[in-house]
Amino acid sequence: MNGHQDGRLRNRWRRATRLLAAAAAMCTGSVVLTAALTTGPAAAGERVALAAPAVTTVTAGGAHTCAIRADGGLWCWGSNYGGQLGDGTTTNRSTPTRVGTASWAGVDAGSGHTCAVRTDGTLWCWGSNFRGQLGDGTTTSRSAPVQVGTATTWARVDAGPAHTCAVRTDGTLWCWGFNRTSQLGVGSSPYTATTPLQVGTATNWASVSTGFAHTCGVRTDGTLWCWGLSSDGQLGLGTLGSQTTPAQVGTATTWSGVTAGYAHTCGIRSGTLWCWGENGYGQLGVSGNYQTAPVQVGTVATWSRVAASGDATCASRSDGSLWCWGKNATGQVGDGTTTHRFAPTRVGTATTWTGGLAVTDHSCAIRTDGGLWCWGDNSGGQLGDGTTVGRSSPAEVILPA
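Residues numbered from 1 in each chain as written. Predicted model: local features only at pLDDT ≥ 70, side-chain atom pairs only at ≥ 80, totals over all residues. Heavy atoms only, no water.

A. The pattern of salt bridges, seen in detail. Within the structure shown, the criterion is met by 5 salt bridges. One salt bridge connects D335 with R341, and the closest N-O pair in it is separated by 2.8 Å. Its relative accessible area of 22% is what places D335 among the partly exposed residues. For R341, a relative accessible area of 25% puts it in the partly exposed group. Notably, a salt bridge pairs D385 with R391, separated by 2.8 Å at the nearest N-O pair. The exposure class of D385 is partly exposed, given its relative accessible area of 34%. For R391, a relative accessible area of 17% translates into the label buried. (Salt bridge = Lys/Arg side-chain N within 4 Å of Asp/Glu carboxyl O. Buried < 20%, exposed > 50% of the residue type's maximum accessible area, 1.4 Å probe, protein only.)

As structure tokens, this is what we get:
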């Protein structure tokens, strides 16, 4: 990475603010994934809590974290400048704080807002709302959950830095919030949408992931679609520029998941891992410059989950091992260093990383026993250990009983 590129990246983050490490992930981003609650041993030398309440879902925002326990309770912690913790305040929390008493099925954190689906199929959002990303018809920030419309058929949600997308049980896809780069997939207007807009007419969307200025989704037929800005090839269409509505990435029909980072994207296809877009920190898992079309990461065909946000990526394999790469300035790769990695780097030696996975400037993952582990930046208390001291290797987060 040359000096010009490094300076460009630093300025980009200052301009977007430190908390715009989107990301999403994404879905599983920002991709939010659910743990298989079976018993598995911890790796030697790692701290193990006794009888820690099992966690099923985790998501990492710009500087906050949220997790759902097996009992359906939702807990959030970290930075709370916009009310993104949902506890009715704007006070930072360095330990997990419960969000109301409702039962939740899924959650995803954006840079400064959070959205979650309850077990009754309703959708709720809270936190920063300057671009309408909460979907409640206003641009007023909320420090407690507010319902998005009246529908009771929401299946999953993904929150980006300033826009949000969600899939309903009927397979329709809806997006709202900032649309400056057509990241909502509904054309070049409106500039912002404060309520959900349907993306096309397709009724076979399976998942969606929101990046900083682009969005990607997988349909039930295994096809992959992306739209929005492609400044560095993050749409995977082989070109630079923008796409105002969903465009298919290649012709493959075996995509099982996708995750959108700041300006890069990764997806899993028949167990193989593919990434494209910006590569200034090695977030694609390969050497070289940006890629405008998917490029395979190594030759392994046992990848099971992937999450990307900001300029980092993490993925787990079917053997339960966890690997991260890309930007590592705050230790988010989890290898005990702050060295950027241009190839997948294993996180410890544990083989029980088969649960949820999330990455921004900090990372979190769930093990088969329901234990939650986090590492990386902790400036807002997002690691949940009661401090604001960062760390470059995983440590367990204990949610109150």
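B. Expanded view of the sheet that holds strand β30 (residues 391–397). Read across the open sheet, the 4 strands follow the order β27-β28-β29-β30; overall the sheet is antiparallel. Of all strands in the sheet, those with a lone pairing partner are β27 (357–359) and β30, marking the two edges. Taken over all neighbouring pairs, the strand axes of this sheet differ in orientation by 15 degrees on average, direction set aside. Relative to strand β29 (residues 372–376), strand β28 (residues 362–366) runs antiparallel, the two sharing 5 bridges. Considered in β29, the bridge of C364 is made with C374. (Pairing = 2+ DSSP bridges. Helix = DSSP H or I, 4+ residues; strand = E, 2+ residues; numbered from the N terminus. Axes fitted to C-alpha atoms, helices over the stretch in contact; angles between N-to-C directions.)

C. Layout of the state of the cysteines. The tally for this structure, following the rule as stated, stands at 7 disulfides. Bridging C66 to C76, the disulfide has an S-S length of 2.1 Å. Taking the sign of the torsion about the S-S bond as the criterion, the disulfide between C66 and C76, at about 110 degrees, is right-handed. Taken together, the residues span a long stretch of sequence, with C66 in strand β4 (residues 64–69) and C76 in strand β5 (residues 74–78) at a distance of 10 residues. Look at C66 and you get buried, because its relative accessible area is 0%. Here C266 is linked by a disulfide to C275, with a sulfur-sulfur distance of 2.1 Å. The chirality of the disulfide connecting C266 with C275 is right-handed, given an S-S dihedral of about 110 degrees. Across this residue pair, the class does not change: C266 and C275 are buried. (Disulfide = S-S within 2.5 Å.)

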